[in-house]
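Descriptive structure summary
Spelled out from the first residue to the last, the chains are:
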Amino acid sequence: MAQIIPPSPWVAAYAGRIPANGGVLDLACGSGRHSRLLAGLGYAVLAVDRNVEALAGLGDVAGLGDVAGVESMVADLEGETWPLAGRQFAGVVVTNYLWRPRFGDVLALVQPGGILIYETFMQGNAQYGKPSSPDFLLEPGELRARIAAAGWHEIAFEEGYTDSPKPAMRQAICAGRW
Ligand SMILES: C[S@@+](CC[C@H](N)C(=O)[O-])C[C@H]1O[C@@H](n2cnc3c(N)ncnc32)[C@H](O)[C@@H]1O
């Protein structure tokens, strides 16, 4: 049986800040633990990942399953063509994924008045395991700096060592586009 991974406490804590209308994007969603959480809160969710098998339990992919309120999309977020061009959402959730060349495109996915919830690994994580490449690790204060540079409103920010769900160096932000 597939292992059920609980949602991130950070996402759970701030998901309710997302405006009710406009839909939510779960970017690089994996098996969709946050898509399920968000759909359970009443949001219409678009779950995007390149991994068809990970998406399969969410619905719309090969008819293998269906979670009410979740539409899934197989897409490469690191290719030449940005698969979400022109789309906007009331909320965008990104966890355990970082691809800096598209960070600006990710911000553009949040509609004015919308919310970005972003949480992933940061510098110093290599001592605890993967990811260990600087390409996939945020620099200290990076999410805060990027949000400030965009002129957005920081709602909450956290970074540093955590031992849950496993020892790691992590960084997280909840920000509003206003
Ligand atoms: C560590 S998992 C995180 C999954 C989910 N966000 C979570 O926290 O449970 C990283 C996800 O990014 C996806 N991913 C990596 N590179 C990608 C790409 N180029 N395009 C789309 N998805 C990608 C992987 O398939 C994987 O599901």
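The model shown is predicted, which means the values in this text are computed figures rather than measured ones. (Residues numbered from 1 in each chain as written. Predicted model: local features only at pLDDT ≥ 70, side-chain atom pairs only at ≥ 80, totals over all residues. Heavy atoms only, no water.)

**Things to note about the pattern of salt bridges**
Throughout the structure, instances matching the rule amount to 5 salt bridges. Asp 105 serves as the salt-bridge partner of Arg 102, at 3.0 Å between the closest nitrogen and oxygen. Its salt-bridge partner being Arg 170, residue Glu 119 comes within 3.3 Å of it at the nearest N-O pair. In this pair, Glu 119 sits in strand β5 (residues 110–121) while Arg 170 sits in strand β7 (residues 168–176), placing the two residues 51 residues apart along the sequence. Here Glu 119 and Arg 170 have matching classes, each one buried. Through salt bridges with shared partners, a single network forms among Arg 100, Glu 142 and Arg 146. (Salt bridge = Lys/Arg side-chain N within 4 Å of Asp/Glu carboxyl O. Helix = DSSP H or I, 4+ residues; strand = E, 2+ residues; numbered from the N terminus. Buried < 20%, exposed > 50% of the residue type's maximum accessible area, 1.4 Å probe, protein only.)

**Quick look at empty space enclosed by the protein**
In total, this model carries 1 cavity of 30 Å³ or more according to the counting rule given. Put simply, the largest cavity is a space of about 50 Å³. Lining the largest cavity we find Leu 27, Leu 77, Trp 82, Tyr 97, Leu 98, Trp 99, Arg 102, Phe 103, Val 106 and Tyr 118. Taken together, the residues of the lining of the largest cavity break down into 9 nonpolar, no polar and 1 charged. (1 Å grid on protein atoms, 1.4 Å probe; cavity = no way out; pocket = protein on both sides within 12 Å on 5 of 7 lines; lining within 4 Å. Points joined across faces, edges and corners; volume = space filled by probe spheres on them. Nonpolar A, V, L, I, M, F, W, Y, C, P; charged D, E, K, R; others polar.)

**A short note on helix α2 (residues 33–40)**
Residues Arg 33, His 34, Ser 35, Leu 38 and Ala 39 constitute the buried set of α2. Where α2 is buried, its residues meet α1 (9–14), β1 (24–27), β2 (45–49), β3 (70–74) and β4 (89–95). Positive phi appears at Gly 42, one or two residues downstream of α2, with a value of about 100°. (Contact = heavy atoms within 4.5 Å.)

**Examining helix α5 (residues 142–150)**
Where α5 is concerned, the buried positions are Glu 142, Leu 143 and Ile 147. Down the axis, α5 shows its buried residues gathered within 130° of arc, on one side only. Opposite its buried face, α5 presents the exposed residues Ala 148 and Ala 149, each directed more than 90 degrees away. Close packing links the buried residues of α5 with α4 (103–108), β5, β6 (153–162) and β7. Positive backbone phi, approximately 80°, marks Gly 151, located one or two places after α5. (Arc of directions from axis to C-beta.)

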